[in-house]
Amino acid sequence: MTPTSDSDNRLPDTADALLAQVPTGLWIGGGPCAASDGAVFDVLNPATGIPLVSVASASVDDAVRAVDSAAAAAAEWEATAPRTRGEILRAAFESIIARRDDFALLMTLEMGKTLAESQGEVTYGAEFFRWFSEEAARINGRVTTAPAGNGQIVVTKEPVGICLAVTPWNFPLAMATRKIGPALAAGCTMIVKPAEDTPLTTMLLAKVLSEAGVPPGVLTVLPTLRAPEVVAALMADERLRKVSFTGSTQVGKILLGQAADNVLRTSMELGGNAPFIVFDDADLDAAVDGAIAAKLRNGGEACTAANRILVQNGVRAEFTERLTERIAATAVGPGWAESSQLGPMINARQRDRIAALVDDAVAQGAKVHTGGDRLPGGGFFYAPTVIDQIAPGSDILVEEIFGPVAAVQGFDTEDDAIRIANHTAYGLAAYFYSTDLARVQRVSRRLQAGLVGVNRGVISDPAAPFGGIKQSGLGSEGGSEGIGEYLNTKYIALPPTQ
């Protein structure tokens, strides 16, 4: 681990001008406004622990205002031509790309990831708007003659209605566009409750969408420090018809319980515990590259991050040595510093949680090859870490790490690898490296995960469905499946034509 220099800690010269462009009120009715009770909260820079700006904190009364606004706009937006909805999303895509540097720096300032990571998220996140701009005009139904010959079967697709999106802090642009894109393309109005750590990117996105032509009320954004009360109020409103959530399984279960009261449509992208399997026939150079990508992408703060690195014992020592060398050389510092390869964790709570997982594993006999410590300074930094010789049942093998810690385990046979990989309540992502085509086919089928990467460490794609099984969630986002999450199916029975 290589720290960056003290001179890199200074904010970029453009930061103040950028922050001045970001709306800091609630976004209701097509523009920013204060919370009904005037409440605000600070958004911290995780690299320094110092506030960036203060934003409005929505209350339960504001939740009612939000649904009122969404309801008032719903009928007109549903009646808007699909091509028009698509063209607005396309214009928003182009605007995000044109403002790539602004969005990238803003994400780095409020979330901590490096500018290179943020630039990548701009490309990825904007693509959801381009993808769903094209899907808007491809919402299909069908007309068939009833088998009995007594009429026609007409099947149509209609927007579900007012939607709520609860988004996480780790991908503040992409997790918003992945939900907003299909909802607006389908003709739904949407209320977004962004994570309290990273509301600024969503606020700037709301402004861009408004400038692209989204009518007032079609999109609402409610930053808040009172999320449980505000979300509960939204979920209890009978006008709401859909909730999409990305976050922890614990919170997802609470929302599923609340959704049951009004029988809401739900999309849940929840926790993960992704295995990364390296078989002894793998290309080790490629496998190490893939492990770095799957582990350190977004600082390890990704639901698809490799959580358990399973290496066949014949190559485990060599693989671990190579991985340790690469991770130990990772430069850590503020995300905006050109030399930084890894930024801070999102907040002190998350950094300390990672430290507790490592400390627990070490107390039970695990060996630290590099890292294993919090880093000094004002921000929330944790050293990139490699550990192995981990006792079975250690918390770090069971819980989602969500940080730059590579936990290596050995295995003997293919059956052992599958058994260990599937021995979890989660089933979001899984990865494996092998050059044996027959093994590739077998293992791909046997892994219990919604996403499987074969000889790849990065697998997310706006054109592919994204979703997990077991306690990793319900439904799919992205791909041609994504827009279906925001559409109801209606059957119309017509009499015979003659």
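Residues numbered from 1 in each chain as written. Predicted model: local features only at pLDDT ≥ 70, side-chain atom pairs only at ≥ 80, totals over all residues. Heavy atoms only, no water.

(A) Structural view of the overall build of the protein chain. Secondary structure summary: the protein chain contains 16 helices and 24 strands in total. For 498 residues, the compact-globule estimate of 2.2 N^0.38 gives 23 Å, and the protein chain sits close to it at 23 Å. Along the first, second and third principal axes, the C-alpha set of the protein chain runs to 75 × 60 × 40 Å. Classification of the 498 residues of the protein chain by burial places 57% in the buried group. On the protein chain, roughly 19100 Å² of surface is accessible, and the fraction owed to carbon and sulfur atoms is 51%. (Helix = DSSP H or I, 4+ residues; strand = E, 2+ residues; numbered from the N terminus. Rg over C-alpha atoms; globule rule 2.2 N^0.38 Å. Buried < 20%, exposed > 50% of the residue type's maximum accessible area, 1.4 Å probe, protein only. Areas by Shrake-Rupley, 256 points an atom, 1.4 Å probe, with all protein chains shown as cover.)

(B) Highlighting the nonpolar core. In terms of nonpolar packing, the biggest core is built from 71 residues, with Ile-180 and Met-190 touching the most fellow members. Contacts of Ile-180, omitting those with residues within four sequence positions, involve Phe-129, Met-190, Val-192, Leu-205, Leu-209 and Leu-219. Residues Phe-276, Val-386, Ala-406 and Leu-451 belong to the second largest nonpolar core, which totals 29 residues. (Core = buried A, V, L, I, M, F, W, Y, C linked by side-chain atoms within 4.5 Å. Contact = heavy atoms within 4.5 Å.)

(C) View of the state of the cysteines. Inspection of every chain in the model, using the stated rule, returns 0 disulfides. The cysteine Cys-163 is free of any disulfide, with Cys-188 supplying the nearest cysteine sulfur at 3.9 Å. By relative accessible area, which is 0% here, Cys-163 ends up buried. (Disulfide = S-S within 2.5 Å.)

(D) The arrangement of the pairing of strand E6 (residues 142-145) in detail. The pairing of E6 with strand E7 (residues 152-159) spans 4 bridges and is classified as antiparallel. Bridge pairing in E7 links Arg-142 to Val-155. Between the antiparallel neighbours E6 and E7 lie 6 residues, among them Gly-149 with a positive phi of about 75°. (Pairing = 2+ DSSP bridges.)

(E) Just the sheet that holds E7, in detail. Spatially, E6-E7-E24 is the arrangement adopted by the 3 strands of the open sheet, whose pairing is antiparallel. Either end of the sheet is taken by a strand with one partner, and the two such strands are E6 and strand E24 (487-494). In this sheet, neighbouring strand axes are inclined to one another by 20° on average, regardless of whether the strands run parallel or antiparallel. (Axes fitted to C-alpha atoms, helices over the stretch in contact; angles between N-to-C directions.)

(F) Region of the structure containing the pairing of strand E21 (residues 451-454). Of the two faces of E21, only one is covered, namely that formed by Leu-451 and Gly-453; the face formed by Val-452 and Val-454 stays uncovered. The pairing of strand E20 (residues 429-433) with E21 spans 4 bridges and is classified as parallel. Counterpart to Ala-429 in the pairing with E21 is Leu-451. With helix H15 (residues 437-446) bridging E20 and its parallel neighbour E21, the resulting β-α-β unit is right-handed. (Right-handed = clockwise from strand over helix to strand, strands pointing away.)

(G) Quick peek at the side chain of Thr-114. Topologically, Thr-114 is positioned in the loop between helix H4 (100-111) and helix H5 (115-135). Residue Thr-114 is classed as buried on the basis of its relative accessible area, which comes to 6%. Thr-114 has contacts with Thr-108, Gly-335, Ser-340, Gln-341, Leu-342 and Gly-343, leaving out every residue within four places of it along the chain.

(H) Quick peek at the packing of aromatic side chains. On inspection of all chains with the given rule, the structure shows 6 aromatic pairs. Both rings, one in Phe-276 and one in Tyr-433, keep their centres 5.4 Å apart while their planes meet at 35°; by these two values the pair is tilted. Here Phe-276 is found in strand E13 (residues 274-278), whereas its partner Tyr-433 is found in strand E20, with 157 residues between them in sequence. Neither residue differs from the other here; Phe-276 and Tyr-433 are each classed as buried. Through a chain of ring-to-ring contacts, the aromatic side chains of Phe-276, Tyr-431 and Tyr-433 assemble into a single cluster. Over the aromatic face of Tyr-486 sits the side chain of Lys-242, whose NZ or CZ is 4.8 Å from the ring centroid. (Phe/Tyr/Trp six-rings, centres within 6.5 Å; stacked < 30°, edge-to-face > 60°. Lys NZ or Arg CZ within 6 Å of the ring centre and 35° of its normal.)

(I) Up close: the pattern of salt bridges. Evaluation of the coordinates by the stated rule reveals 28 salt bridges. Its salt-bridge partner being Arg-439, residue Asp-280 comes within 4.0 Å of it at the nearest N-O pair. In this pair, Asp-280 sits in the loop between E13 and helix H10 (284-296) while Arg-439 sits in helix H15, placing the two residues 159 residues apart along the sequence. Here Arg-419 and Asp-416 are joined by a salt bridge, their closest N and O atoms 3.6 Å apart. Within this pair, Arg-419 and its partner Asp-416 are both found in helix H14 (residues 414-422), separated by 3 residues, close to a single helical turn. (Salt bridge = Lys/Arg side-chain N within 4 Å of Asp/Glu carboxyl O.)

(J) Just the environment of Asp-412, in detail. Within the secondary structure, Asp-412 is located in the loop between strand E18 (405-411) and H14. The class of Asp-412 is exposed, set by a relative accessible area of 52%. Placed 100 residues apart in sequence, Asp-412 and Gln-312 show a C-alpha to C-alpha distance of 5.7 Å. Once you skip the residues sitting within four places of it in the chain, Asp-412 turns out to touch Gln-312 and Asn-313. In this structure the side chain of Asp-412 is engaged in a polar contact, spanning 2.8 Å, whose partner is the side chain of Asn-313. (Polar contact = N/O pair within 3.5 Å; in protein donor to acceptor, adjacent residues only side chain to side chain.)

(K) Structural view of the packing of H14 against H15. It is at 11 Å that the axes of H14 and H15 come closest, and there the two elements cross at 25°. Between H14 and H15, the crossing angle belongs to the class labelled roughly parallel. As for the relative orientation of H14 and H15, their crossing is right-handed in sense. Between H14, through Glu-414, Asp-415, Ile-418 and Asn-422, and H15, the contact on the second element is made entirely by Arg-439, Arg-442, Val-443 and Arg-446. When grouped by side-chain class, the residues that make up the contact of H14 with H15 number 2 nonpolar, 1 polar and 5 charged. (Parallel < 35°, antiparallel > 145°, perpendicular 65-115°, else oblique. Left-handed = near helix turned anticlockwise from the far one by under 90°. Nonpolar A, V, L, I, M, F, W, Y, C, P; charged D, E, K, R; others polar.)

(L) Just the sheet that holds E18, in detail. Read across the sheet, 7 strands follow the order E16-E17-E18-E14-E13-E20-E21 without closing on themselves; strand pairing throughout is mixed. Of all strands in the sheet, those with a lone pairing partner are strand E16 (367-370) and E21, marking the two edges. Taking each pair of neighbouring strands and ignoring which way they run, the sheet shows an average axis angle of 25°. The sheet contacts of H10 involve E13, strand E14 (306-312), E18 and E20, and relative to E13 the element is tilted by about 165°.

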